[in-house]
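Structure assessment
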Amino acid sequence: GSLPGWDEVDRLVIEAHAYAKASTDGEIATYIPRLAAVDPELFGVSVAEVDGAVHTAGDAEVAFSIQSISKAFVYALVIERLGHEAVRERVGVNNTGLPFNSVVAIELNNGHPMNPMVNAGAIATTALVPAASAEERWAAIQDGLSAFAGRRLELDGEVYTSEADTNQRNRAIGTLLQAYGRIDADPLAAVDVYTRQCSLLVTAADLAVMGATLADGGVNPVTGQRVVSASVARDTLAVLASTGLYERSGEWLFEIGLPGKSGVAGGIVTVSPGKGAIGVFSPRLDPAGNSVRGQLATRFLSQALGLDVFASD
Ligand code: GLN
């Protein structure tokens, strides 16, 4: 079946927001200094349907940095250009079971990043974006993510500078991947483009539309533009199902029953294939780096809208 009628979805989005707002659990990310300055009370929820309807509640139009959620969409853009097999060989599709910025995971797997949703795999994936220069690579990513959102996404210069000044670990990961022959491009230039992609500003409503583009077989339901092929959208969602919430991916799939992707600024996008997507934003995170209220609101909506792909009733 499809989603219930417009009024019912609108009501449930408002209810999900009210329900999850009660939680003040979790901690705001501080390892990127600029993120620590964000109001922890901000909370937005949005649902975008594959027919183009967009529902919002709370701070759904407040911009925040996309962070790791960019990994899902850059991965889609890369497999659109290079095909899934080329990326699978180099980056993989299995969960590491370790934190997103783990160096140990790389060492344990002989330099293989394991999947495109941890930092190692994302940096390797960004390095694969076909381009003649880092500037061109960045332009392709900014354009591509903007097409998913259906509007021009801009860089948050303060978040970018703050992370670029403090991302020694990601630079180490990039260089380590180069040592293992997993990056052909200049690894530090790839890390810089990766840091920029993480600093793109989005809203919860943008995330819902970006997710709905994957739900709609690669066509943005608001603009009507085809961004990636249906098989690329499918492959991206399959990877998210096992890797989208880092080491909590198994629990997430068990609780919510949908592919999703989180970022440390507090965003989460969750996709219901063929139906639509949920975008949430709230900065307080669980220990793995996933928005606490975002998870609560998403679980509420998954259940209330009957979206769990494993449920037969
Ligand atoms: N830019 C962040 C980093 O590389 C993204 C991490 C995240 O959202 N989990 O550390």
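Keep in mind it's a predicted model, so treat the numbers as computed, not measured.

A separate point is the confidence of the model for the chain. In the predicted model, the chain carries a mean pLDDT of 96, and 100% of its residues have values of at least 70. Interface predicted TM-score (ipTM) for the complex: 0.97; the corresponding pTM is 0.97.

Once that is clear, we can look at the environment of V38. Looking at where V38 falls in the secondary structure, it is placed in the loop between α1 (6-21) and β1 (44-49). For V38, a count of 17 C-beta atoms within 10 Å gives the class partly exposed. Through-space distance from the C-alpha of V38 to that of P283 is 7.6 Å; in sequence the pair is 245 residues apart. Beyond its immediate stretch of four places on either side in the chain, V38 contacts I28, F64 and P283.

Where helix α7 (residues 157-166) contacts helix α9 (residues 187-198), the axes come no closer than 9 Å and their chain directions differ by 140 degrees. Once α7 is placed against α9, the crossing between them reads as right-handed. Facing α7, whose interface residues are Y160, E163 and A164, α9 presents D192, T195, R196 and C198. Taken together, the residues of the contact of α7 with α9 break down into 3 nonpolar, 1 polar and 3 charged.

Sheet architecture is open: 5 strands sit in the order β2-β1-β7-β6-β5, paired in antiparallel fashion. The open sheet terminates on both sides in strands that have one partner only, identified here as β2 (54-58) and β5 (260-262). Ignoring which end each strand starts from, the neighbouring axes of this sheet average 10 degrees apart. Strand direction decides the pairing type here: strand β6 (residues 267-272) and strand β7 (residues 276-281), joined by 6 bridges, are antiparallel. Bridge pairing in β7 links V269 to G279. Taken strand by strand, helix α2 (residues 69-82) contacts β5 and β6, and its axis lies near 125 degrees from that of β5. Against the sheet, helix α10 (residues 204-215) touches β1, β2, β6 and β7, its axis set at about 155 degrees to β7.

Further remarks concern unusual backbone geometry. We note that Q67 has phi near 50 degrees; this positive angle belongs to a residue other than glycine. Here Q67 is to be found in the loop between β3 (64-65) and α2. In this structure, N110 takes a positive phi of about 55 degrees despite not being glycine. Position of N110 among the secondary structure elements: in the loop between α4 (104-108) and α5 (119-128). Residue N110 is classed as exposed on the basis of its 8 C-beta neighbours within 10 Å.

Each value, and the rule that gives it
- Residues numbered from 1 in each chain as written.
- Predicted model: local features only at pLDDT ≥ 70, side-chain atom pairs only at ≥ 80, totals over all residues.
- pLDDT = per-residue confidence, 0-100.
- Helix = DSSP H or I, 4+ residues; strand = E, 2+ residues; numbered from the N terminus.
- Buried ≥ 20, exposed ≤ 12 C-beta atoms within 10 Å, placed from the backbone.
- Contact = placed C-beta atoms within 7 Å.
- Axes fitted to C-alpha atoms, helices over the stretch in contact; angles between N-to-C directions.
- Left-handed = near helix turned anticlockwise from the far one by under 90°.
- Nonpolar A, V, L, I, M, F, W, Y, C, P; charged D, E, K, R; others polar.
- Pairing = 2+ DSSP bridges.

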